[in-house]
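# Architecture at a glance
Residue-level listing of the chains:
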Amino acid sequence: MVDNMAGIIKASKIQNIKQQMTGEVIDPKVVLIEASKLSLNDMFMHYNPSTITERKLQEELSDIIQYGINDFYKVNCDPSFNDEWNDFIYESGKMPAIGKSKSWWEMRAHEHGGRLGKRREYTAFLGVLIKKLIESGKTPEEAWYEVCVDSKKLGNYVDADGFNNFENTASREICGFCDLSNVYKILEANNAAEGIFYLGGSHYLQSGTSKPLYSITSQNGADLGIVNAVGWIVFDKK
């Protein structure tokens, strides 16, 4: 399925340009999220949660690990619109493709061989991110706290350093991933029978404590456009 992504990943036109106060813009890259390698024996899973939110994520990750989850691919930044504004691409330094409905994202993702990521895949991604944060030098306490309690160091929040209002794609790189906040991520339910979908994370006018990365809220109205949200697109590993 990854080969089908060639048409939606466009080479960056602004390499080596730095965005003021937000770090270097990087080129979109396809990343394999090795969710299947998460283990109850991982050091980060031995952390003793100090908040209810941390405990909730640890319990959810434990269930995912025990049930099993497949690896998947995702692009390391948010999608933007193509020149005609009728499809999505991945290009750094462009406005995120906000305002479309969950149904629109489902259709467009399917046309490119992808799909909306499920809530459990987003949760597994946060587990992978915590591992990477610890590998980058953060303590387990810092990594869990920043993902679950106060994420202002991980994305574009109103109380983040260098807050610059709405940001373009491929901003604020953290452990190889950009755009961790800035806009909500539209997620598929784990089971279609739930009849709902989810928004993960935050948008730029929220604070790091009001909507940390591990903030997942249920939504109805799959055909309604969603302000300040983009589809969280994944591609199955075959």
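No experiment lies behind these values; they were computed from the predicted model shown. (Residues numbered from 1 in each chain as written. Predicted model: local features only at pLDDT ≥ 70, side-chain atom pairs only at ≥ 80, totals over all residues. Heavy atoms only, no water.)

Another aspect to go through is the environment of Tyr47. The topology assignment puts Tyr47 in the loop between strand S3 (30-33) and helix H1 (52-67). Sequence spacing of Tyr47 and Glu194 is 147 residues, and the spatial spacing of their C-alpha atoms is 32 Å. Within the structure, the side chain of Tyr47 is placed 3.1 Å from the side chain of Glu54, a separation counted as a polar contact. (Helix = DSSP H or I, 4+ residues; strand = E, 2+ residues; numbered from the N terminus. Polar contact = N/O pair within 3.5 Å; in protein donor to acceptor, adjacent residues only side chain to side chain.)

Soluble globular proteins: nonpolar side chains tend toward being buried together. Within the largest apolar cluster, 39 residues are counted, with the highest numbers of intra-cluster contacts made by Trp144 and Val147. Elements represented by at least two residues in this core include exactly H1, helix H3 (119-135) and helix H4 (140-148). If one sorts the elements of this core by residue count, H3 sits on top with 9 residues. If sequence neighbours within four positions are ignored, Val147 has contacts with Leu57, Leu126, Leu129, Ile130, Leu133, Leu154, Pro212, Leu213 and Tyr214. Membership of the second largest hydrophobic core comes to 23 residues, among which are Phe81, Leu116, Phe197 and Leu199. (Core = buried A, V, L, I, M, F, W, Y, C linked by side-chain atoms within 4.5 Å. Buried < 20%, exposed > 50% of the residue type's maximum accessible area, 1.4 Å probe, protein only. Contact = heavy atoms within 4.5 Å.)

Reading across from one edge, S10-S9-S8-S11 is the order of the 4 strands in this open sheet, with mixed pairing throughout. Every other strand in the sheet has two partners, leaving strand S10 (216-219) and strand S11 (229-231) as the edge strands with one partner each. Taken pair by pair, the neighbouring strands of this sheet meet at an average axis angle of 35°, ignoring direction. Across the sheet, H3 is in contact with strand S8 (184-188), strand S9 (197-200) and S10; its angle to S8 comes to roughly 130°. (Pairing = 2+ DSSP bridges. Axes fitted to C-alpha atoms, helices over the stretch in contact; angles between N-to-C directions.)

On to unusual backbone geometry, then. One non-glycine residue, Trp85, adopts positive backbone phi at about 65°. With respect to the element layout, Trp85 can be found in the loop between strand S5 (80-81) and strand S6 (88-89). The phi angle at Arg172 is positive, at roughly 55°, despite the residue not being glycine. Tracing the backbone through its elements, the reader meets Arg172 in the loop between H4 and S8.

Backbone-to-backbone hydrogen bonds join strands into a sheet, with any given pair of strands oriented parallel or antiparallel. As summarised here, the arrangement of the 4 strands in space is S3-S4-S12-S7, forming an open sheet in which the pairing is antiparallel. Pairing within the sheet leaves two strands with one partner each, and these edge strands are S3 and strand S7 (115-116). As judged from the 4 bridges shared by S3 and strand S4 (residues 72-75), these two strands associate in the antiparallel manner. Each residue of the ladder has a partner; that of Ile33, found in S4, is Phe72.

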